[in-house]
Amino acid sequence: MKKHLFAMVLPLIAVPFFLQAQTGSIYHQGWIDFNKNGKRDVYEDQLQPIEKRIADLISQMNVEEKTCQMITLYGFGRVLKDELPTDAWKQSLWKDGIANIDEHLNSLPYNKKAVSQYSYPQSKHANAINTVQRWFIEETRLGIPVDFTNEGIHGLNHDRATLLPAPIAIGSCWNKELVFRAGQTVGREAAATGYTNVYAPILDLARDPRWGRVVECYGEDPFHIAELGKQMALGIQSQGVASTVKHFAAYSMPKGGRDGDARTDPHIAPRELHQMHLYPFRRVIEEAHVLGVMSSYNDYDGVPVSGSHYFLTELLRQQYGFNGYVVSDSRAVEFLYKKHKVAADYKEAIRQVVEAGLDVRTDFTKPEDYVLPLRELIREGSLSMQTIDQRVASVLRVKFKLGLFDHPYVANPADADKIVFNDAAKAMQEQLSREVLVLLKNDNNTLPLDVKKIKNLLVTGPLAAETNHSISRYGPSNVHVISVLEGLQQYAGNKFKVQFARGCDITDPNWPESEILPSPITKSEQATIDSAVALAKKSDAIVVALGENEQMVGESKTRTGLDLPARQLQLLQAMQATGKPVILVLINGRPLTVNWAQKYTPAIIEAWFPGATGGKAIAESIFGDYNPGGKLAVTFPKTIGQIELNFPYKPGSHAGQPGDGPNGYGKTAVNGPLYPFGHGLSYTSFGYSNLVITPDSPRTQQGISVSVDITNTGKRKGDEVVQLYLKDVVSSVTQYEMLLRGFERITLEPGETKKVSFQLKPSDLALLDKNMNFVVEPGEFEIQMGSSSADIRIKKSFLVK
């Protein structure tokens, strides 16, 4: 096997002479002789229907080749030891092919073993992927191409790709068109560098803020997640790359929010399962036609999802019409016998998942661990060849739909250097970093600061100079991230002086025990705060950046509490005591119980993990060059004692305790959220008027049109996220108090008015009745339009006949 790289491999319609000569002319005008038999087989003919091509290929495959199409090979630095093919590959398991290779040559952050010489420049990576692909096409018997998979929930998980804000931040932008553009960027960069399948978006509901992976979700509301997830998936797949949604299903509600070794026992009722947790998956599968689904490693009601025929076949394929392939989350198969104890050994676990509908197993172990027991099951007759053929067909179908049997190589690797992180991607990245910012509080118009009145600005807090929060296991690496401090320094230029004092550490030596057992502040800790206070007294305003870093948020990183960690609150209190204007910037991956700040700090900006240009966007917002218009996609509780506290909710479930009347002696709890779902302020104001519903008496199978006029009644240009909520006044089963059923982010100049229109389908009015059927029930409904779920500006009823 020759190991040098070619600068160009395709297009197929005009194959260069040197390539034909070198490969024994398997490359022909318009087709490739994958099985090297000298004739154009049905599966090699791109004019044939995909199903005929699949059937022809499967008829030529032996058991070894079929089972190799049911396994992931983790890329270099994880399982695969070689960057490029070697002679030893001819004796390896994948000499008979492989379903997909995951994260190959992408140079993971924080993983030195995965650092590759081929990850950058981008053209070098594209050529390397072509070399690997060429080996499978030219050196295996049937030449079945590989699906090259990679993560991409906040930018392609690749060296120096375009870095996006964390998903929980993306959810706060509420801008469907911008999220589509973000998906396009991820898909475009994947295709340019050789990846054919991106594991994104995450469609889980973040309904327990203690859970570590809240940072990776778009929010807590199923409609909101479905709308943004659909746009991300459509954007990715518009570039000829598969979108694999995850984690299917009921994954995000482990008992008590516990992650890591727990990841089991979600407490979700059946109706809640379908109306809430499955809703985004169903919508995105049906409307975006995604080619991939990742099965989760949790159970539901005692049955592991990855071993559930109900979830993977009856729901996913028969009801939702999913026509791609299901890949397991890592260790999902192993957990059937190691954690869930529903299988006596790994071999039995394999039988269960294959029968259930799992197509491809992924794990951080060599593929032999799965494939060899799988072959034993086939030989023993424990798995039928019909079942195996169904699983293999699912994988091949995706490969045919992606065009891998027609154009298997990156056609122009050199173009990757001009495509990845190009000017358009940079502009999108900057705009997204702006639009994710949420103005939580702004007493007495503290913000924006008047740059003419600022001579000295103090920037303090342990998150002020931090950048690692935006570099995660699931996103780009080797990217420059602008911190809050750097963003303000760049903005200041020669206009004013910026001083910095760290003030305190993110955590303390007793973390995480200090969440439940506070210890007295030490002399050195107090001295650090005192140093910041000394600078604060000489400043005209103070920006305090507090919150969490990447070591406190993410997979297997559940928290016990939601308060500001360690000495951060003491630092904020010390800054407030100086009497200077204080602006709190929150850098965090989950809701925090910042009650003291909400009561005493005049201005608060929620920035989440804002991505590469977050610091620039924050500086622009603080000084009014940009007017923040993001809205919260998750409810902020006042205390963990209120959990679950989220939107949507059932009538009475968020109610307080009556102080008089029958049983009116309940004064034992603090009621209500700190910030409700959909909350977000602006430097301007908006008026709502002229709500029109057409028709005002629709039939049960008839859609309706809704429009409302929005006016910028303030003095600044600004964005409003117009939110449409639907209330079913009387229903046969208890329905949610109100449901989000539409939203649009619009930009208005001062005094400008825009008409915002929505189209509601019958399914938007449907509920699961007593017999668990989705139906639209006749009766009264109410449209509520507002600026948040708790700030309804105008409402109107209509009657369904």
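Look up: the structure comes first, before these words.
It should be emphasised that the depicted structure is a prediction, and the values quoted were computed from it without experimental measurement.

Enquirer: Could you clarify how one ought to interpret the overall build of the chain in this entry?
Expert: When you go through the chain residue by residue, the secondary structure sums to 22 helices and 26 strands. The C-alpha radius of gyration computed for the chain amounts to 28 Å, which stays within 12% of the reference 28 Å derived for 801 residues, consistent with globular compactness. For the chain, buried positions account for 63% of its 801 residues. Across the chain, the fraction of contacts at a sequence separation of at least 24, relative to all contacts at a separation of at least 6, is 78%. When the accessible surface of the chain is totalled, it reaches about 28800 Å², and 50% of it is carbon and sulfur. Side chains of the chain give 87 positive and 89 negative charges; the mean places of these two sets differ by 3 Å.

Enquirer: Can you walk me through the nonpolar core in this structure?
Expert: Burial of nonpolar side chains together is a common tendency in soluble globular proteins. In terms of nonpolar packing, the biggest core is built from 202 residues, with Phe 248, Phe 311, Tyr 370, Leu 396, Leu 457, Met 575 and Ile 622 touching the most fellow members. Broken down by element, the residue count for this core peaks at seven residues, all from helix α7 (residues 222-237). If we skip the residues at most four places from it in the chain, Phe 248 touches Leu 278, Phe 281, Val 293, Met 294, Ser 295, Ser 296, Val 305, Phe 311, Leu 312, Leu 316 and Tyr 320.

Enquirer: What should I look at first to understand the sheet that holds strand β20 (residues 718-728) in this one?
Expert: Sheets are built from strands paired through backbone hydrogen bonds, the pairs being either parallel or antiparallel. Spatially, the four strands line up as an open sheet ordered β21-β20-β25-β26, and their pairing is antiparallel. Looking at strand neighbours, the two that pair on one side only are β21 (739-748) and β26 (791-800), the edges of this open sheet. Each neighbouring strand pair of the sheet contributes to a mean axis angle of 20°, computed without reference to strand direction. Where strand β25 (residues 779-788) meets β26, nine bridges bridge the pair, whose relative direction is antiparallel. Looking at β26, one finds that Gly 786 is bridged to Ile 792.

Enquirer: Help me out: how do you make sense of helix α4 (residues 122-139) in this one?
Expert: Each α-helix turn comprises 3.6 residues. Residues three or four places apart therefore point the same way. Between its first and last C-alpha, α4 extends 25 Å over 18 residues, near the 26 Å set by a 1.5 Å rise per residue. For α4, a buried count of 16 out of 18 residues is recorded, marking the element as mostly surrounded by other parts of the structure.

Enquirer: For this particular structure, what's the right way to read the sheet that holds strand β11 (residues 325-328)?
Expert: Reading across the sheet, the seven strands line up as β3-β4-β5-β6-β7-β8-β11 and stay open at both edges, with parallel pairing between neighbours. Edge positions in the sheet fall to β3 (72-74) and β11, since each of these pairs with one other strand and no more. Mean inter-strand twist for the sheet, computed between neighbouring axes without regard to direction, equals 30°. With three bridges joining them, β3 and strand β4 (residues 100-102) adopt parallel strand pairing. Bridge pairing in β4 places Leu 73 opposite Ile 101. Of the strands in this sheet, β7 (242-248) and β8 (292-295) touch helix α9 (residues 279-288), which is tilted by about 165° from β7.

Enquirer: Explanation requested: the pattern of salt bridges in the structure shown.
Expert: Pairing of side chains with opposite charge becomes possible as their charged atoms draw close. Counted under the stated rule, the structure contains 47 salt bridges. Asp 415 serves as the salt-bridge partner of Lys 418, at 3.4 Å between the closest nitrogen and oxygen. Each member of the salt-bridge network shares a partner with another, and the members are Lys 176, Glu 227, Lys 230, Arg 283, Glu 287 and Glu 744.

Enquirer: I keep staring at the packing of aromatic side chains and nothing clicks. Help me out?
Expert: Two measures describe an aromatic ring pair: the distance that separates the ring centres and the angle between the ring planes. One pass over the full model with this rule turns up 30 aromatic pairs. A ring pair is formed by Tyr 27 and Tyr 409, whose centres lie 6.1 Å apart and whose planes are at 50°; its orientation type is tilted. Here Tyr 27, found in strand β1 (residues 27-28), pairs with Tyr 409, found in the loop between α14 (385-401) and α15 (416-419); they are 382 residues apart in sequence, far enough to count as distant. The exposure classification of Tyr 27 matches that of Tyr 409, with both residues buried. Ring centres of Phe 647 and Tyr 725 lie 5.4 Å apart, and the angle between their planes is 80°; this geometry places the pair in the edge-to-face category.

Enquirer: Quick question: what am I supposed to make of unusual backbone geometry here?
Expert: When glycine is set aside, most residues are seen to have a negative phi, and most peptide bonds are trans. Following Ile 643, the chain continues into Glu 644 via a peptide bond in cis, with omega recorded as 5°. For Glu 644, the location among the structural elements is in the loop between α21 (614-622) and β18 (686-694). Pro 648 follows Phe 647 through a cis peptide bond whose omega is -5°. Counting through the fold element by element, Pro 648 comes out in the loop between α21 and β18. At Arg 160, a position not held by glycine, the phi torsion is positive, near 60°. Positioned with a positive phi, Trp 608 is a non-glycine residue whose angle comes to about 55°.

Enquirer: Could you clarify how one ought to interpret the state of the cysteines in this entry?
Expert: As used in these notes, a disulfide is a covalent bond between sulfur atoms, one from each of two cysteines. Under the defined criterion, the tally for this structure stands at zero disulfides. Looking at Cys 173, it has no disulfide partner, and the nearest cysteine sulfur is the one in Cys 217, 15 Å off. You can call Cys 173 buried: its relative accessible area is 0%.

Enquirer: Teacher, can you tell me more about the pairing of β8 here?
Expert: Consecutive side chains along a regular strand alternate between the two faces of the sheet. Burial of the side chains of β8 extends over both faces: Gly 292 and Met 294 are buried on one face and Val 293 and Ser 295 on the other. Relative to β11, β8 runs parallel, the two sharing four bridges. Each bridged residue has a counterpart across the sheet, and for Ser 295 the counterpart in β11 is Ser 328.

Enquirer: Just to check I follow, could you spell out the side chain of Thr 149 for this structure?
Expert: Inspection of the secondary structure puts Thr 149 in strand β5 (residues 147-151). Taking relative accessible area as the criterion, Thr 149 reaches 0% and is therefore assigned buried. Those residues in contact with Thr 149 that sit more than four places away from it in its chain are Asn 100, Ile 101, Asp 102, Glu 103, Tyr 195, Asn 197, Tyr 199 and Tyr 325.

Enquirer: Any chance you could explain the packing of helix α8 (residues 270-277) against α9 here in plain terms?
Expert: At their nearest, the axes of α8 and α9 sit 5 Å apart, and the two run at 40° to each other. By the angle class used here, α8 and α9 are oblique. Across the interface between the two elements, His 274, Gln 275, Met 276 and His 277 from α8 touch Tyr 279, Pro 280 and Phe 281 from α9. Of the residues belonging to the contact of α8 with α9, the class tally is four nonpolar, three polar and no charged.

Criteria and cut-off values
- Residues numbered from 1 in each chain as written.
- Predicted model: local features only at pLDDT ≥ 70, side-chain atom pairs only at ≥ 80, totals over all residues.
- Heavy atoms only, no water.
- Helix = DSSP H or I, 4+ residues; strand = E, 2+ residues; numbered from the N terminus.
- Rg over C-alpha atoms; globule rule 2.2 N^0.38 Å.
- Buried < 20%, exposed > 50% of the residue type's maximum accessible area, 1.4 Å probe, protein only.
- Contact = heavy atoms within 4.5 Å.
- Areas by Shrake-Rupley, 256 points an atom, 1.4 Å probe, with all protein chains shown as cover.
- Lys, Arg positive; Asp, Glu negative; His and termini not counted.
- Charge placed at Lys NZ, Arg CZ, Asp CG, Glu CD.
- Core = buried A, V, L, I, M, F, W, Y, C linked by side-chain atoms within 4.5 Å.
- Pairing = 2+ DSSP bridges.
- Axes fitted to C-alpha atoms, helices over the stretch in contact; angles between N-to-C directions.
- Expected span 1.5 Å × (residues − 1).
- Salt bridge = Lys/Arg side-chain N within 4 Å of Asp/Glu carboxyl O.
- Phe/Tyr/Trp six-rings, centres within 6.5 Å; stacked < 30°, edge-to-face > 60°.
- Disulfide = S-S within 2.5 Å.
- Parallel < 35°, antiparallel > 145°, perpendicular 65-115°, else oblique.
- Nonpolar A, V, L, I, M, F, W, Y, C, P; charged D, E, K, R; others polar.

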